[in-house]
Amino acid sequence: PPFLSVSLQLCMNCPSFLFVAFSDGKYQNAVEVANDVTDNLIHLRQTMAGLMQRDQETRDVLVESSQAVHGVEGELRGQTSLIGQSRHLITKYSRRQITDCLLISFAVLLFAATVLYILKKRLWPS
């Protein structure tokens, strides 16, 4: 129990010679007070041990989480590189598709011009 001032008094007629006087005027056997303090200290020690265990578990979870984050970060960098390469290839193939379309159109026009030239020479000889 909380108390403001404690004084030790000797009692010659009591089985236990030592008593503790609390500021509120109550007297209690010093052995009982010592037992209460010891019990409170044991409870405090157990509470602190539990907190230390939880702190250890929390730290372990944080270490595992940060390792997972570092792994994901490495994968993300690899994926970012892969996405950049893919974008470069798609742009390259898009340019090739346009070039192929122009070449095919030119070839079709050249073929049509050749056919028309041959037909002109055969149908209207000069």
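Draft legend 1. Molecular detail of the overall build of the chain. Helix and strand counts for the chain stand at one helix and three strands. In the chain, the succession of helices and strands from N to C terminus is β-β-β-α. Counting all 126 residues of the chain, 6% fall into the buried class. Counting contacts in the chain only where the partners sit at least 6 residues apart, residues at least 24 apart contribute 0% of the total.

Draft legend 2. Representation of the confidence of the model for the chain within the structure. Of the residues in the chain, 75% reach a pLDDT of 70 or more, and the chain-wide mean stands at 81. Averaged pLDDT values for the elements of the chain fall to 44 in strand β1 (residues 6-10) and rise to 91 in helix α1 (residues 30-123). Every residue in residues 1-13 scores below 50 in pLDDT, and together they form 23 contacts with partners more than four places removed in sequence or on other chains.

Draft legend 3. Region of interest: the pattern of salt bridges. Scanning the entire structure with this criterion turns up one salt bridge. The closest approach of N and O atoms between Glu73 and Arg77, which form a salt bridge, is 2.9 Å. Of this pair, Glu73 and Arg77 both sit in helix α1, four residues apart, which is roughly one turn of the helix. Judged by its relative accessible area of 59%, Arg77 falls in the exposed class.

Draft legend 4. A look at a nonpolar patch on the surface. A surface patch of nonpolar side chains, about 690 Å² in accessible area, is lined by Phe111, Val115, Leu116, Leu119, Leu123 and Trp124. Locating Leu116 in the fold gives a position in helix α1.

Rules and cut-offs
- The numbering scheme is per chain: residues are counted from 1 as the chain's sequence reads.
- For this predicted model, a pLDDT threshold of at least 70 governs which residues receive local features, and a threshold of 80 or more governs which side-chain atom pairs are given and counted, while totals over whole chains, interfaces and linings are taken from all residues.
- As a rule here, side-chain values cover all heavy atoms of the structure and leave hydrogens and water aside.
- Elements are defined by DSSP. Helices are runs of H or I of four residues or more, strands are runs of E of two residues or more, and each kind is numbered from the N terminus.
- Relative accessibility thresholds used throughout: buried, under 20% of the residue-type maximum; exposed, over 50%; partly exposed, between the two (1.4 Å probe, protein chains only).
- Here, residues are in contact when the closest pair of their heavy atoms is within 4.5 Å.
- Summary of the metric used: pLDDT quantifies the predictor's per-residue confidence within the range 0 to 100.
- Salt bridge, as used here: a side-chain nitrogen of Lys or Arg that lies within 4 Å of a carboxyl oxygen of Asp or Glu.
- Patches draw on residues past 30% relative accessible area with no salt bridge. Two like charges within 9 Å are joined, as are two nonpolar side chains (Val, Leu, Ile, Met, Phe, Trp, Tyr) within 5 Å.
- With residues, only the protein chains shown are counted as cover, and all accessible areas are computed by Shrake-Rupley using a 1.4 Å probe.

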